[in-house]
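# Descriptive analysis of the structure
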Amino acid sequence: MPWWGWIVLGVLLLGGEMLVPLDFWLLFIGLAALATGVVAAAVPGLSDAAQWALFGIFATVSVLGFRRGLRRYWSRSATGARVDDTLVGESGPVLEALAPGVIGRVELRGSPWRARSLEDQPIEAGAQVRVERVEGLLLWVRRDS
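About the criteria used
- Residues numbered from 1 in each chain as written.
- Predicted model: local features only at pLDDT ≥ 70, side-chain atom pairs only at ≥ 80, totals over all residues.
- Heavy atoms only, no water.
- pLDDT = per-residue confidence, 0-100.
- Helix = DSSP H or I, 4+ residues; strand = E, 2+ residues; numbered from the N terminus.
- Contact = heavy atoms within 4.5 Å.
- Expected span 1.5 Å × (residues − 1).
- Buried < 20%, exposed > 50% of the residue type's maximum accessible area, 1.4 Å probe, protein only.
- Axes fitted to C-alpha atoms, helices over the stretch in contact; angles between N-to-C directions.
- Parallel < 35°, antiparallel > 145°, perpendicular 65-115°, else oblique.
- Left-handed = near helix turned anticlockwise from the far one by under 90°.
- Nonpolar A, V, L, I, M, F, W, Y, C, P; charged D, E, K, R; others polar.

Across the protein chain, the average pLDDT comes to 86, with 90% of residues at or above 70. Put simply, helix 3 (residues 48-75) is where the protein chain has its lowest mean pLDDT, 86, and helix 2 (residues 25-42) is where it has its highest, 93. Low pLDDT, under 50, characterises residues 77-81; the predicted model gives this stretch 1 contact beyond four residues in sequence or across chains.

In this section: unusual backbone geometry. The phi dihedral of Arg 109 falls on the positive side, at around 55 degrees, and the residue is not glycine. Mapped onto the secondary structure, Arg 109 falls in the loop between strand 2 (103-108) and strand 3 (111-117).

Right, let's talk about helix 2 for a bit. The end-to-end C-alpha distance of helix 2, which contains 18 residues, comes to 26 Å, matching closely the 26 Å that a straight helix rising 1.5 Å per residue would cover. Looking at helix 2, one finds that the buried residues are Leu 26, Phe 28, Gly 30, Ala 32, Ala 33, Thr 36, Gly 37 and Ala 40.

Okay, the packing of helix 1 (residues 3-19) against helix 2 next. Contact geometry for helix 1 and helix 2: axes closest at 7 Å, N-to-C directions at 165 degrees. On the basis of their axis angle, the class for helix 1 and helix 2 is roughly antiparallel. Considering how the two elements wind past one another, helix 1 and helix 2 form a crossing that is left-handed. For the contact of helix 1 with helix 2, a count of residues per class yields 17 nonpolar, 5 polar and 1 charged.

What follows is the structure, given as structure tokens:
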């Protein structure tokens, strides 16, 4: 592929990331294509196989090396706390009886959430619970005393 083909591909991939956010996958693959284009322009006569190998190396290194850190940085709010961390300590009513070891629902901030009880005894519907920890979209709750 000519060097300018890599540049065009890189720009298209970067534009695709801006149009359809895919958790920075296209960003790093687009940057790899741009880097390959720069190397191909600097080293005339570089074979297609070498260009594709270079692209693969650049893409792998950039995705594995930088994507996780960028996602972590980008997902933090202005205060540096993750959104789900702000739920810890909040209280809300149980929407359906919550038996130990069973996933039920509680209401927080006006929305239903999946929750699992940390109590040994069932918690009846309507009882107030407090969020102890958050794992993804699952809240671990305890009866609010």
